[in-house]
Amino acid sequence: IKSNFSDYLPLILADIGQAALWFLLPVLGITALIVPSITRRLLFGLDQTVRAADAITPDMPEARLPLEPVPHELLPMVEGFNLALDRLEDGQRREARFLADAAHELRTPLTIVQTRLDELPESPLRTKLQSDIKRLSKLANTLLDIQRVRSSTITKTNLRLDTLVAEIARDIALKAVEREQDLTFDAPTGPVEVVGDEVAIRRAVSNVLDNAVRYAGDGADIEIIVEHPARVRIADTGAGFPKIGRAHMTDPFVRGPEAGHLASGAGLGLHLSLTMTQAHGGGLEITDRPTGGAEVILDFSPVT
């Protein structure tokens, strides 16, 4: 019997294997169709969430990740992320409110002190105090400008960037002449249009140009170039920006060494210009001229 069973065992196993194969093939086929579909559906919701997270920027404090397409297992993680964004938004609003309140509170006493100084007789001390008051007033106004941009209260319209920059250059030309600086302006023949807030753009360009006039040195050459699509280059032949710490020159309250740019002031000029350009969808770049000196590039949003 054993001998006979051994003879038939391979055939029996072959029949069982064939039967199992016919049973497994449909199962595998159904699995191959269903699993990718379920996986795609789950990953589609996750992919939407990832793209939403990637689109969040610092100027979107109200942005949150959507909960609808997220797989149930990942909901606690997304909800926790949204709670973190809630805390960040609350902290940002507190900071903005403090900044605005502090700037407003500074303006009133500064105005009173300025009025009282004007009543004093001429003296070196009066002149120095007036200079200090002017600097503090400029600081307060700069803080208010930064707050205005961060709170998205700027009004954007179609503007001629080349015309605005030409006016700014004319306004500051007298300061350049007093320092025997050669100030040149260049722009394309046709209009260079920009979508932006006129006051914000003026402040952004004026701050950089004023820095160039103040710190490039007597007799320096200063170039103002307006380019398409909506870019302003301000270059000078002065000592240039210090290479050490240059990456932080646009941080608030950062000033360069006495030998370089930004030797005086509150250290908010470049930070304000950067904030203004970013509010217009652009940015600010600090670099060196190939022939020596500094160059600052301001990018704004062109008209499309």
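The preceding data block contains the structure.
How each quantity is defined
Numbers given to residues run from 1 along each chain, matching the order in which its sequence is written. Confidence filtering applies because this is a predicted model: local features only for residues at pLDDT of at least 70, side-chain atom pairs given and counted only at 80 or more, and all residues used for totals across whole chains, interfaces and linings. Note that water and hydrogens are dropped before the side-chain values are worked out from all heavy atoms of the structure. What makes a nonpolar core is a set of buried Ala, Val, Leu, Ile, Met, Phe, Trp, Tyr and Cys residues whose side-chain atoms join them at distances within 4.5 Å. Under the scheme applied here, a residue whose accessible area is under 20% of the maximum for its type counts as buried, over 50% as exposed, and between as partly exposed, the area being computed with a 1.4 Å probe on protein chains only. For the purposes of this entry, the term helix denotes a DSSP run of H or I that reaches at least four residues, the term strand denotes a run of E that reaches at least two, and both are numbered from the N terminus. Whether two residues are in contact is decided by their heavy atoms, any of which lying within 4.5 Å being enough. In a helix, the anticipated span is given by 1.5 Å times the number of residues less one. Note on bend: at a given residue it equals the angle between the axes fitted to the 7 residues ending there and to the 7 starting there.

Peer 1: Before we move on, can you summarise the nonpolar core with the specific residues and values?
Peer 2: Membership of the largest hydrophobic core comes to 35 residues, with the highest contact counts inside it found for Leu 161, Ile 201, Val 232, Ile 234, Leu 298 and Phe 300. Those elements giving two or more residues to this core turn out to be helix H4 (161-178), helix H5 (198-215), strand S4 (221-227), strand S5 (231-236), helix H6 (269-279), strand S6 (283-288) and strand S7 (294-299). Broken down by element, this core gets its largest block of residues, eight residues, from H5. Apart from residues no more than four positions distant in its own chain, Ile 234 is found in contact with Val 205, Val 208, Leu 209, Ala 212, Glu 223, Ile 224, Ala 294, Glu 295, Val 296 and Leu 298.

Peer 1: Break down the side chain of Thr 277 for me, with residues and values.
Peer 2: Mapped onto the elements, Thr 277 comes out in helix H6. Setting aside anything within four residues of it in sequence, one finds Thr 277 in contact with Gly 282, Gly 283, Leu 284, Leu 298, Asp 299 and Phe 300.

Peer 1: Which residues make up H4, and what are the values?
Peer 2: Over its 18 residues, H4 runs 27 Å from end to end, which matches the ideal 26 Å to within 8%, given 1.5 Å per residue. If you look at H4, its biggest bend is around 40°, right at Ile 172. Looking only at H4, the buried set comprises Leu 161, Asp 162, Leu 164, Val 165, Ala 166, Ile 168, Ala 169, Ile 172 and Ala 176. Its buried side turned inward, H4 meets strand S1 (157-160), strand S2 (182-186), strand S3 (193-196), H5, S4 and S5. Among the residues trailing H4, Glu 180 stands out with phi positive, at a value near 55°.

Peer 1: How would you explain H6 if you had to name every residue and give the values?
Peer 2: Most of H6 is tucked away, with eight of its eleven residues classed as buried. Buried within H6 we find Leu 270, His 271, Leu 272, Ser 273, Leu 274, Thr 275, Met 276 and Thr 277. One or two steps after H6, the chain reaches Gly 281, where phi turns positive at roughly 80°.

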